[in-house]
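Residue-level structural notes
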Amino acid sequence: MTFFNKFNKNLKSSITSVGKSCLLLQFTDKRFQPVHDLTIGVEFGARMITIDGKQIKLQIWDTAGQEAFRSITRSYYRGAAGALLVYDITRRDTFNHLTTWLEDARQHSNSNMVIMLIGNKSDLESRREVKKEEGEAFAREHGLVFMETSAKTAANVEEAFINTAKEIYEKIQEGVFDIHNEANGIKIGPQHYTNANAGAAKGAGAGGAAPGGCC
Ligand SMILES: Nc1nc2c(ncn2[C@@H]2O[C@H](COP(=O)(O)OP(=O)(O)OP(=O)(O)O)[C@@H](O)[C@H]2O)c(=O)[nH]1
Ligand SMILES: [Mg+2]
């Protein structure tokens, strides 16, 4: 699973600091780090979760929001099974260019990639610039799942990652992903291999992604 914010070709100020790295840290380490350095290139996190009684390892790439790293981050989209598209609810500029970002992500990723739209910093209600309804409408229009989160209070952070993984898992079971092609960001662990070979990925683990995968 890759993990990145929306970014925009023209306004560098709008592409960083939406809270991607903090969300990842909250998910993997269950803590919030108020002062967080800009991500340089790509960072990595991983966590085991259980879905449907199966152990699944999520491998998560945290990409830089800065335009300067765009070509590096793009190369991580292709091998990802899922993505969190993050904007900051207190900065309308981060919301305004979601369409541009989404086009770019879809163009450079697997067409089956699950994308979840995240409006982060929901704890800063008094500074809100983007209504929740606007996030919901954008997600509806583009076929994305939507959630508001706070990396600070941990609200919905667990749900955002796990629901994305569940969607990937369901797609595996429906046979949407070719689980024998690791370029899809999914790798079946040895303990699941017999089951996976037996049918349409039944018993398969889902998750992580570029390159790597899971289980
Ligand atoms: N109040 C509040 N602040 C947050 C939240 N998430 C992140 N922040 C703050 O926002 C700033 C940027 O967070 P990062 O996680 O580094 O942002 P990023 O999207 O990874 O930024 P780049 O790596 O530059 O693309 C930090 O000062 C965080 O403390 C949140 O949910 N609530
Ligand atoms: Mg970062």
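Because the structure is predicted, anything quoted here is derived from the model rather than measured.

**A word on the overall build of the chain**
The helix and strand inventory of the chain stands at seven helices and six strands. Starting at the N terminus and ending at the C terminus, the chain contains elements arranged as β-α-β-β-α-β-α-α-β-α-β-α-α. For the chain, with 215 residues in total, the buried portion stands at 53%. Residue pairs at least 24 apart in sequence account for 71% of intrachain contacts in the chain once pairs closer than 6 positions are excluded. Total accessible area on the chain stands at roughly 9,500 Å², and carbon and sulfur atoms take up 48% of it.

**A word on the coordination of the magnesium ion (ligand 2)**
Ligation of the magnesium ion (ligand 2) by protein atoms is provided by S21 (OG) and T39 (OG1), these donors lying 2.0 to 2.1 Å from the ion. Of this pair, S21 sits in helix α1 (residues 20-29) while T39 sits in the loop between α1 and β2 (42-51), and the two are 18 residues apart along the sequence. Judged on exposure class, the residue S21 and its partner T39 are both buried.

**A closer look at helix α5 (residues 132-142)**
For α5, the complete set of buried residues consists of G135, F138, A139 and H142. Along α5, the residues classed as buried sweep out an arc of 95° about the axis, all on the same side. Among the exposed residues of α5, those pointing more than 90 degrees away from its buried face are R140 and E141. Positive backbone phi, at 70°, marks G143, one or two positions downstream of α5.

**A closer look at the packing of aromatic side chains**
A complete count under the given rule lists five aromatic pairs for this structure. Plain terms: the ring middles of F95 and F138 are 6.0 Å apart, the flat faces sit at 65° to each other, and that makes the pair edge-to-face. Of this pair, F95 sits in helix α3 (residues 92-96) while F138 sits in helix α5, and the two are 43 residues apart along the sequence. The class for F138 is buried, based on a relative accessible area of 8%. Through successive ring pairs, a cluster of aromatic residues spans F44, W61 and Y76. Sitting over the ring of F27, R47 keeps its end group 4.2 Å from the ring centre.

**Quick notes on the packing of helix α2 (residues 70-77) against helix α4 (residues 98-107)**
As a packed pair, α2 and α4 sit with axes 9 Å apart at the nearest point and diverge in direction by 55°. Relative to α4, the element α2 lies oblique. Across the interface between the two elements, R70, R74 and Y77 of α2 pack against W101, D104 and A105 of α4. When its residues are assigned to classes, the contact of α2 with α4 shows three nonpolar, no polar and three charged.

**Regarding the site of ligand 1**
Taken together, the neighbourhood of ligand 1 is formed by 22 residues, with K20, P34, G65, D123 and A151 sitting nearest. One of the backbone nitrogen or oxygen atoms of G19 is found 3.0 Å away from an oxygen atom of ligand 1. At 2.8 Å, a side-chain N or O of D123 approaches a nitrogen atom of ligand 1. Taken by itself ligand 1 offers 650 Å² of open surface, and the protein chains cover 89% of this. Per element, the largest residue contribution to the shell around ligand 1 is three residues, and it comes from α1. Its residues placed into classes, the shell around ligand 1 shows eight nonpolar, 10 polar and four charged.

**What to know about the pairing of β2**
Taken together, the 10 bridges between β2 and strand β3 (residues 54-63) define a ladder with antiparallel strand orientation. Note on β3: the bridge partner recorded for I49 is I56. Counting the residues that bridge the hairpin from β2 to β3 gives two residues, and of these D52 lies at a positive phi of roughly 55°.

Rules used throughout
Residues numbered from 1 in each chain as written. Chains lettered and ligands numbered in written order. Predicted model: local features only at pLDDT ≥ 70, side-chain atom pairs only at ≥ 80, totals over all residues. Heavy atoms only, no water. Helix = DSSP H or I, 4+ residues; strand = E, 2+ residues; numbered from the N terminus. Buried < 20%, exposed > 50% of the residue type's maximum accessible area, 1.4 Å probe, protein only. Contact = heavy atoms within 4.5 Å. Areas by Shrake-Rupley, 256 points an atom, 1.4 Å probe, with all protein chains shown as cover. Donors = N, O, S within 2.8 Å, 3.2 Å for Na, K, Ca; no water. Arc of directions from axis to C-beta. Phe/Tyr/Trp six-rings, centres within 6.5 Å; stacked < 30°, edge-to-face > 60°. Lys NZ or Arg CZ within 6 Å of the ring centre and 35° of its normal. Axes fitted to C-alpha atoms, helices over the stretch in contact; angles between N-to-C directions. Parallel < 35°, antiparallel > 145°, perpendicular 65-115°, else oblique. Nonpolar A, V, L, I, M, F, W, Y, C, P; charged D, E, K, R; others polar. Near = heavy atom within 4 Å. Polar contact = N/O pair within 3.5 Å; in protein donor to acceptor, adjacent residues only side chain to side chain. Pairing = 2+ DSSP bridges.

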